[in-house]
Amino acid sequence: QSGPGAVRFGSVRSGSLRFSRRFTPQADMTKLGQWLCGLALLGSAWAALALAPPGLQLPAPFRQALLPLPIYLLVAFGCYSLATVGYRLATFNDCQEAAAELQEHISAARTDLRRRGLRF
Amino acid sequence: MAARGADKFSVLLPTYNERENLPLVVWLLARTFEESGNNFEIIIIDDGSPDGTQEIAEQLEKIYGSDKIVSCEIISVLLSSGTAYIHGMKHATGNFIVIMDADLSHHVSRYFIKQKEGNFDIVSGTRYKGNGGVYGWDLKRKLISRGANFLTQVLLRPGASDLTGSFRLYRKEVLQKLMDKCVSKGYVFQMEMIVRARQLGFTIGEVPISFVDRVYGESKLGGNEIVSFLKGLLTLFATT
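Conventions and cut-offs
- Residues numbered from 1 in each chain as written.
- Chains lettered and ligands numbered in written order.
- Predicted model: local features only at pLDDT ≥ 70, side-chain atom pairs only at ≥ 80, totals over all residues.
- Heavy atoms only, no water.
- Helix = DSSP H or I, 4+ residues; strand = E, 2+ residues; numbered from the N terminus.
- Buried < 20%, exposed > 50% of the residue type's maximum accessible area, 1.4 Å probe, protein only.
- Contact = heavy atoms within 4.5 Å.
- Areas by Shrake-Rupley, 256 points an atom, 1.4 Å probe, with all protein chains shown as cover.
- Buried area = accessible area lost by both parts, 1.4 Å probe.
- Salt bridge = Lys/Arg side-chain N within 4 Å of Asp/Glu carboxyl O.
- Polar contact = N/O pair within 3.5 Å; in protein donor to acceptor, adjacent residues only side chain to side chain.
- 1 Å grid on protein atoms, 1.4 Å probe; cavity = no way out; pocket = protein on both sides within 12 Å on 5 of 7 lines; lining within 4 Å.
- Points joined across faces, edges and corners; volume = space filled by probe spheres on them.
- Nonpolar A, V, L, I, M, F, W, Y, C, P; charged D, E, K, R; others polar.
- Core = buried A, V, L, I, M, F, W, Y, C linked by side-chain atoms within 4.5 Å.
- Axes fitted to C-alpha atoms, helices over the stretch in contact; angles between N-to-C directions.
- Parallel < 35°, antiparallel > 145°, perpendicular 65-115°, else oblique.
- Left-handed = near helix turned anticlockwise from the far one by under 90°.
- UniProt positions renumbered as here; feature names shortened; annotations may be inferred.
- Expected span 1.5 Å × (residues − 1).
- Pairing = 2+ DSSP bridges.
- Right-handed = clockwise from strand over helix to strand, strands pointing away.

A. Geometry of the overall build of chain B. If you tally the helices and strands in chain B, you get eight helices and nine strands. Counting across all 240 residues of chain B, residues that qualify as buried make up 58%. In chain B, once contacts between residues fewer than 6 apart in sequence are set aside, the share between residues at least 24 apart is 80%. Accessible surface for chain B amounts to roughly 9,700 Å². Of this, 55% is attributable to carbon and sulfur atoms.

What follows is the structure, encoded as structure tokens:
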């Protein structure tokens, strides 16, 4: 089952999606608060391991690898963002039939309303 | 609660200078409801439009009957969505409320089917999923839309794919509760409602919609709109 704060996805039927949220301890913390907490956690872990304060020494190669990690993650996220937005842009549907249908409806509406006495 | 099988849909239509679109929107809505056999009413909340929208609304009331069309007028300095909806809700007698812009009314019937299917508290139209989409948008506008939506998803994780909500169906009690909680203005208000709805544990269903650009009138998407969107987004990020 889903843990606290998880989003439960219902079945996908006829192109529809369903979202529901039952347990939300995070509901009390703002998104900004969540981000700050998360960053503080990750930041302190990284600082502890990579910056090598006295008393907590990792072998040098590990520290070398961990040091630029934040930058790498940032760049990776940037690439992911570009790719995602690009993909979504490319698959953005154009609704030709809907537009045509709407035009038909508009003429029908005008005719019918005029018949019923609407003065435009 | 409503008697068995007696769902009634109240459509809230805030208008400002929608003289051209209003009759078309009303006609489309009325026809869709009549075809699907649902009981309905349309509440037109006009913000003192100088172009005669109010007069058109009154004519429509005569044509369709005042049990089907309710025309009210408010005078506010700025048409804040919140004010219009609060005012409209007072007149609403249905157990479901539909909120929509007066420049789009496409595929209304899908909403009722969706609601029955999943017994959702809220049904929201999305341009980004299924066969939802847009018409008449150039690349720049699509890019801005997708980019803004991506940013919204990352920052707010709202649980709905399209937040700017030009078309939504709510249970009456759910809308009431949300409106008490939401404080933003304009379309940021729409975004805030979905975010709060998810926090409160309401179920949200999504239906693909075709967003055909304004029939009459212009759509604006300039630098100002982008800046105010970002401000709204960051405000929601920091407060919800």
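B. Quick look at the interface of chain B and chain A. Facing the 59 residues of chain B at the interface are 47 residues of chain A. Carbon and sulfur atoms make up 62% of the surface buried where chain B meets chain A, a total of about 4,700 Å² over both sides. When the buried surface of chain B facing chain A is broken down by residue, Trp27, Arg146 and Phe150 of chain B rank first, second and third, together holding 15% of it. One can count two salt bridges joining chain B with chain A. Our count for the chain B to chain A interface comes out at 13 residue pairs in polar contact (both at pLDDT 80 or more).

C. Representation of the pattern of salt bridges. Following the criterion strictly, the structure yields 11 salt bridges over all chains and no others. Close ionic contact of glutamate 55 of chain B with arginine 119 of chain A constitutes a salt bridge, the shortest N to O distance being 3.8 Å. A residue pair is termed interchain when its members come from two chains, as with glutamate 55 of chain B in helix α2 (residues 53-64) and arginine 119 of chain A in the segment after α4 (96-116). The exposure class assigned to glutamate 55 of chain B is partly exposed, which follows from its relative accessible area of 32%.

D. A look at the layout of surface pockets. Residues and elements named next belong to chain A. As a volume, the second largest pocket reaches approximately 490 Å³. Those elements that place two or more of their residues in the lining of the second largest pocket are α1 (31-50) and α3 (69-90). In terms of residues, the lining of the second largest pocket owes the most to one element, α1, which gives six residues. By residue class, the composition of the lining of the second largest pocket is 10 nonpolar, two polar and no charged.

E. Region of the structure containing the nonpolar core. Residues Leu13, Val26 and Ile42 of chain B are the most contacted members of the largest nonpolar core, which totals 40 residues. Residue assignment for this core shows that the elements contributing at least two residues are α4 of chain A together with β1 (8-15), α1 (21-36), β2 (39-46), α2, β4 (96-100) and β7 (167-171) of chain B. Top contributing element to this core by residue count: α1 of chain B, with nine residues.

F. Inspection of the packing of α1 of chain B against α2 of chain B at higher detail. All names here are of chain B. Direction vectors running N to C along α1 and α2 enclose 30 degrees, while the axes themselves pass 10 Å from each other. Regarding the angle of α1 to α2, the classification is roughly parallel. Crossing handedness for the pair α1 and α2: right-handed. Along its contact with α1, which presents Leu22, Pro23, Val26, Trp27 and Ala30, the element α2 presents Thr53, Ile56, Ala57, Leu60 and Tyr64. Classifying every residue of the contact of α1 with α2 by side-chain character gives nine nonpolar, one polar and no charged.

G. Main features of the UniProt feature "transmembrane region" (unreviewed entry) in chain A. Taking the UniProt record as the reference, the feature "transmembrane region" (unreviewed entry) is found at residues 32-53 and 65-83 of chain A. With 89% helix and 0% strand, residues 65-83 of chain A has its two end C-alpha atoms placed 26 Å apart.

H. Inspection of helix α7 (residues 186-199) of chain B at higher detail. All names here are of chain B. Helix length check: α7 (14 residues) gives 21 Å between terminal C-alpha atoms against 20 Å at 1.5 Å per residue, within 8%. Inspection of α7 places Val188, Phe189, Gln190, Met191, Glu192, Met193, Ile194, Val195, Arg196, Ala197, Arg198 and Gln199 among the buried residues, and these make up the whole buried set. Glycine 201 sits one or two positions beyond α7 and adopts a positive phi of about 85 degrees.

I. Layout of the packing of α4 of chain A against α1 of chain B. Across the interface, α4 of chain A lies against α1 of chain B with an axial gap of 9 Å and an inter-helix angle of 95 degrees. With respect to α1 of chain B, the axis of α4 of chain A lies roughly perpendicular. On α1 of chain B, the residues that touch Leu102, His105, Ile106, Ala108, Ala109, Arg110, Asp112 and Leu113 of chain A of α4 of chain A are Pro23, Leu24, Trp27, Leu28 and Arg31 of chain B. Here the residues of the contact of α4 of chain A with α1 of chain B sort into nine nonpolar, one polar and three charged.

J. Highlighting the pairing of β1 of chain B. Residue and element names in this part refer to chain B. Of all the eight residues making up β1, eight are buried; the element is thus mostly covered by neighbouring parts of the structure. Two elements, β1 and β2, share eight bridges in a ladder whose sense is parallel. Paired with leucine 12 across the strands is isoleucine 43, a residue of β2. Traced from β1 through α1 to β2, the parallel crossover comes out right-handed. Strand direction decides the pairing type here: β1 and β4, joined by four bridges, are parallel. Note on β4: the bridge partner recorded for phenylalanine 9 is phenylalanine 96.

K. Molecular detail of unusual backbone geometry. Residue and element names in this part refer to chain B. Not every positive phi belongs to a glycine, and asparagine 17 is a case in point at roughly 55 degrees. Structurally, asparagine 17 can be placed in the loop between β1 and α1. Judged by relative accessible area, which is 35%, asparagine 17 ranks as partly exposed.

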